[in-house]
Amino acid sequence: MKIKALIVDDEKTARDVLKYYLQQYCPQVEIVGEASNVRQAAPLIRELQPQLVFLDVEMPFGNAFDLLEATQDCDYQTIFITAFSEYSLKALNMSAAYYILKPISIDELITAVQKVQEHLEKEETLNRNKILIQNLTQNPETQQLILPTQSGFDVVKLADVTYLMADGNFTQVHMNDGTKHLVCRFLKHFDDLLSFPFVRVHRSYMINVQYVRAYQKGNGGTAILQNKVEIDISAPYKENFLSKFQG
């Protein structure tokens, strides 16, 4: 299938390089237009109705996320092109967004385009752009987490996650209603991704401290959650865990 695509990047050289790479290595992508900033891109998206937008994160006159907000009623996939930014990458990873770090790797470009193509061919209804906008608010009550599973993906409310447990090459994500999701990621992925109220307490566990009901002393101690699950705390993690309850 042909994928109608728009390139949005403030640097002409960067747009030209991306177009060349796409022509050489991703022939399924048809470039229907390009823009150098958000002001140009928003009306082009409405006019051309691309299926895919290659979007530089930082640009003049607003960044990539401003463009998503301005066009959130439009249906398109996004591949973000970004320099390293911890804030941006956390939001992108939570939302399972497709992104490529600068300078562009051809292998990463091919992989990202293939993922978008699979998404379009399956006609999946998941709107990663809208979830990303919600996650950028940094309001824990509205943030969502997309969990890749063996059969596809699950979308959960971050505030409803009670704890995470390493399970070989997978991670079990336990919810406050008693359900769990088996996710195709190591626990370290979530350790890098999630911040307070999630705390690593053991090589095999992360917990949401908002669900801690009690703590029992010991070498490392034990956290008792509201659902009566008891989780051992390793001695090296004890001080950091207890610091979350000071004051």
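Note: the structure precedes this text.
Keep in mind that what you see is a predicted model, and the values were worked out from it rather than measured.

**Focus: the sheet that holds strand E11 (residues 198-202)**
Turning to step 1, where the next piece is worked out: Read across the open sheet, the five strands follow the order E10-E9-E8-E12-E11; overall the sheet is antiparallel. Of all the strands in the sheet, the pair left with one neighbour each is strand E10 (180-183) and E11. The average angle at which neighbouring strand axes cross in this sheet is 20 degrees, direction not considered.
Turning to step 2, where the next piece is worked out: Across three bridges, the pairing between strand E8 (residues 161-167) and strand E12 (residues 205-208) is antiparallel. By the bridge assignment for E12, Met 165 is matched with Tyr 205.

**Focus on the nonpolar core**
Across soluble globular proteins, nonpolar side chains show a tendency to be buried alongside one another.
Turning to step 1, where the next piece is worked out: Ranked by internal contacts, the top residues of the largest apolar core, which has 24 residues, are Val 8, Leu 55, Leu 68 and Phe 80.
Turning to step 2, where the next piece is worked out: Counting only elements with at least two residues in this core, the list comes to strand E1 (3-8), helix H2 (38-48), strand E3 (52-56), helix H3 (64-70), helix H4 (86-94) and helix H6 (128-136).
Turning to step 3, where the next piece is worked out: Of all the elements, H2 adds the most residues to this core, at five residues.
Turning to step 4, where the next piece is worked out: If near-sequence neighbours (up to four positions away) are discounted, Leu 55 is found in contact with Val 8, Ala 64, Leu 67, Leu 68, Thr 78, Ile 79, Phe 80 and Ile 81.
Turning to step 5, where the next piece is worked out: Judged by nonpolar contacts, the second largest core, of 17 residues, contains Leu 22, Leu 52, Tyr 98 and Leu 109.

**What about the packing of helix H1 (residues 12-25) against helix H5 (residues 106-122)?**
Turning to step 1, where the next piece is worked out: Here H1 crosses H5 at 70 degrees, and the two axes come no closer than 11 Å. Relative to H5, H1 is oriented roughly perpendicular. Note on packing geometry: the crossing formed by H1 with H5 is right-handed. Two secondary-structure elements touch here, H1 through Leu 18, Tyr 21, Leu 22 and Tyr 25 and H5 through Ile 106, Leu 109, Ile 110 and Val 113.
Turning to step 2, where the next piece is worked out: Across the contact of H1 with H5, the residue classes tally to eight nonpolar, no polar and no charged.

**Some remarks on the packing of aromatic side chains**
Turning to step 1, where the next piece is worked out: Applying the stated rule across the entire model yields six aromatic pairs.
Turning to step 2, where the next piece is worked out: With centroids separated by 6.3 Å and ring planes inclined at 45 degrees, the aromatic side chains of Tyr 163 and Tyr 205 adopt a geometry described as tilted. Of this pair, Tyr 163 sits in strand E8 while Tyr 205 sits in strand E12, and the two are 42 residues apart along the sequence.

Criteria and thresholds
- Residues numbered from 1 in each chain as written.
- Predicted model: local features only at pLDDT ≥ 70, side-chain atom pairs only at ≥ 80, totals over all residues.
- Heavy atoms only, no water.
- Pairing = 2+ DSSP bridges.
- Helix = DSSP H or I, 4+ residues; strand = E, 2+ residues; numbered from the N terminus.
- Axes fitted to C-alpha atoms, helices over the stretch in contact; angles between N-to-C directions.
- Core = buried A, V, L, I, M, F, W, Y, C linked by side-chain atoms within 4.5 Å.
- Buried < 20%, exposed > 50% of the residue type's maximum accessible area, 1.4 Å probe, protein only.
- Contact = heavy atoms within 4.5 Å.
- Parallel < 35°, antiparallel > 145°, perpendicular 65-115°, else oblique.
- Left-handed = near helix turned anticlockwise from the far one by under 90°.
- Nonpolar A, V, L, I, M, F, W, Y, C, P; charged D, E, K, R; others polar.
- Phe/Tyr/Trp six-rings, centres within 6.5 Å; stacked < 30°, edge-to-face > 60°.

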